[in-house]
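Commentary on secondary and tertiary structure
Now for the letters of each chain:
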Amino acid sequence: MTPEQFFEQAKQALHLPADTPLQSAYQFGADPDTLANLVLTGTKTATTSAYDLYEPDEALPQAGSYDVILNSKDEPICVTFTDSVEIKPFREVGADHAYHEGEGDRSYDYWRQVHVEFFIKEYADEAGKVFDPDTAQMVLERFHVVYPVKD
C-alpha cells in the first residue's frame, strides 16, 4: 500500500474532510524500523531535522498537518498529526525535547551524542557542509499518532 492510499484509509477512519492534505511520508534517518516502532508505542513524539539542509523551495513541516511514517521498506506504519513546529539553534535544544524524541535512555546527553554524530554525517553527505552545533538551526517537531497500521 502506498503512503497516499494509507492516508486515504486513515482519512475515512478518522472522518477527516476529503480534501485534508498529506504533508509528507518519510522514514526516520538513523534506524527507520526502531524509530517507527517507538512512534507506534507513543514513546517517540518528537523529531529534529536540520533547517540548514532544507532546499529553498522545500516546504517546512507545519503544525496541524498529517504525515505518514514509513519503515525501512517504505511501508506505512502510522499517520501522525503535527502538534507544533519550532526552529531554534541546536545548542538551545533542551532536555524536554530530547526526552520526547524517545531514543536511548531519553536523556539530553544521549540525544546530543547521537544527534551530533547523525548531523555530522548528514551535513557532509547531503550538502557537503560541516555541521557546527554552535550555529546550526534545527526544526523541532512534536506529534502524536492518530492512525496506526492495522495488522
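Described in the following lines is the structure provided in the data block. These figures come from a predicted structure and were not determined experimentally.

Before going further, it helps to examine the overall build of the protein. If you tally the helices and strands in the protein, you get 4 helices and 5 strands. Going from N to C terminus, the protein has its helices and strands arranged as α-β-α-β-β-β-α-α-β. In terms of overall size, the protein behaves like a compact globule, its C-alpha atoms giving a radius of gyration of 15 Å where 151 residues would be expected to give roughly 15 Å. Overall, the protein is about 45 × 35 × 25 Å in size when its C-alpha atoms are taken along their principal axes. Expressed as a percentage of the 151 residues in the protein, the buried residues total 38%. In the protein, the proportion of contacts linking residues at least 24 apart, taken out of those at least 6 apart, comes to 71%. On the protein, roughly 8300 Å² of surface is accessible, and the fraction owed to carbon and sulfur atoms is 50%.

With that out of the way, let us pick up the environment of Tyr54. Residue position: Tyr54 is located in the loop between strand S2 (46-50) and strand S3 (66-70). Considering only alpha carbons, one finds Tyr54 and Thr80, 26 residues apart in sequence, at a separation of 21 Å. If near-sequence neighbours (up to four positions away) are discounted, Tyr54 is found in contact with Ser49, Ala59, Leu60, Pro61 and Val139. Side chain to side chain, Tyr54 and Ser49 meet in a polar contact 2.9 Å long.

The next subject is the pattern of salt bridges. According to the stated counting rule, one finds 6 salt bridges in the structure shown. For Glu101, the salt bridge identified is with Lys44, shortest N-O distance 3.2 Å. You can see Glu101 sitting in helix H3 (residues 95-101) and its partner Lys44 sitting in the loop between helix H2 (32-40) and S2, a full 57 residues away along the chain. Accessibility assignment for this pair places Glu101 and Lys44 in one class, buried. With a closest N to O distance of 3.7 Å, Glu86 and Lys88 form a salt bridge. Each of Lys44, Glu101 and Glu103 takes part in a single network of salt bridges with overlapping partners.

A few words now on the nonpolar core. Residues Ala50, Phe90, Phe119, Tyr123, Phe131, Ala136 and Met138 are the most contacted members of the largest nonpolar core, which totals 13 residues. Of all the elements in the fold, those that place two or more residues in this core are helix H4 (108-127) and strand S5 (137-148). Take this core: its biggest share by element is 4 residues, from H4. Excluding its chain neighbours within four sequence positions, the residues that come into contact with Ala136 are Asp52, Lys88, Pro89, Phe90, Tyr123 and Phe131. Counting 10 residues, the second largest nonpolar core, distinct from the first, contains Tyr26, Leu35, Leu38 and Ile77.

Okay, the packing of aromatic side chains next. Counted under the stated rule, the structure contains 13 aromatic pairs. For the ring pair Phe90 and Phe119, a centre distance of 6.3 Å and an interplane angle of 85° mean the geometry is edge-to-face. Of the two residues, Phe90 is situated in the loop between strand S4 (76-89) and H3 and Phe119 in helix H4; the sequence distance between them amounts to 29 residues. Comparing Phe90 with Phe119, the two get one shared label, buried. Here the basic side chain of Lys44 rests over the ring of Phe28, its NZ or CZ set 4.9 Å away from the ring centre.

Criteria and cut-off values
Residues numbered from 1 in each chain as written. Predicted model: local features only at pLDDT ≥ 70, side-chain atom pairs only at ≥ 80, totals over all residues. Heavy atoms only, no water. Helix = DSSP H or I, 4+ residues; strand = E, 2+ residues; numbered from the N terminus. Rg over C-alpha atoms; globule rule 2.2 N^0.38 Å. Buried < 20%, exposed > 50% of the residue type's maximum accessible area, 1.4 Å probe, protein only. Contact = heavy atoms within 4.5 Å. Areas by Shrake-Rupley, 256 points an atom, 1.4 Å probe, with all protein chains shown as cover. Polar contact = N/O pair within 3.5 Å; in protein donor to acceptor, adjacent residues only side chain to side chain. Salt bridge = Lys/Arg side-chain N within 4 Å of Asp/Glu carboxyl O. Core = buried A, V, L, I, M, F, W, Y, C linked by side-chain atoms within 4.5 Å. Phe/Tyr/Trp six-rings, centres within 6.5 Å; stacked < 30°, edge-to-face > 60°. Lys NZ or Arg CZ within 6 Å of the ring centre and 35° of its normal.

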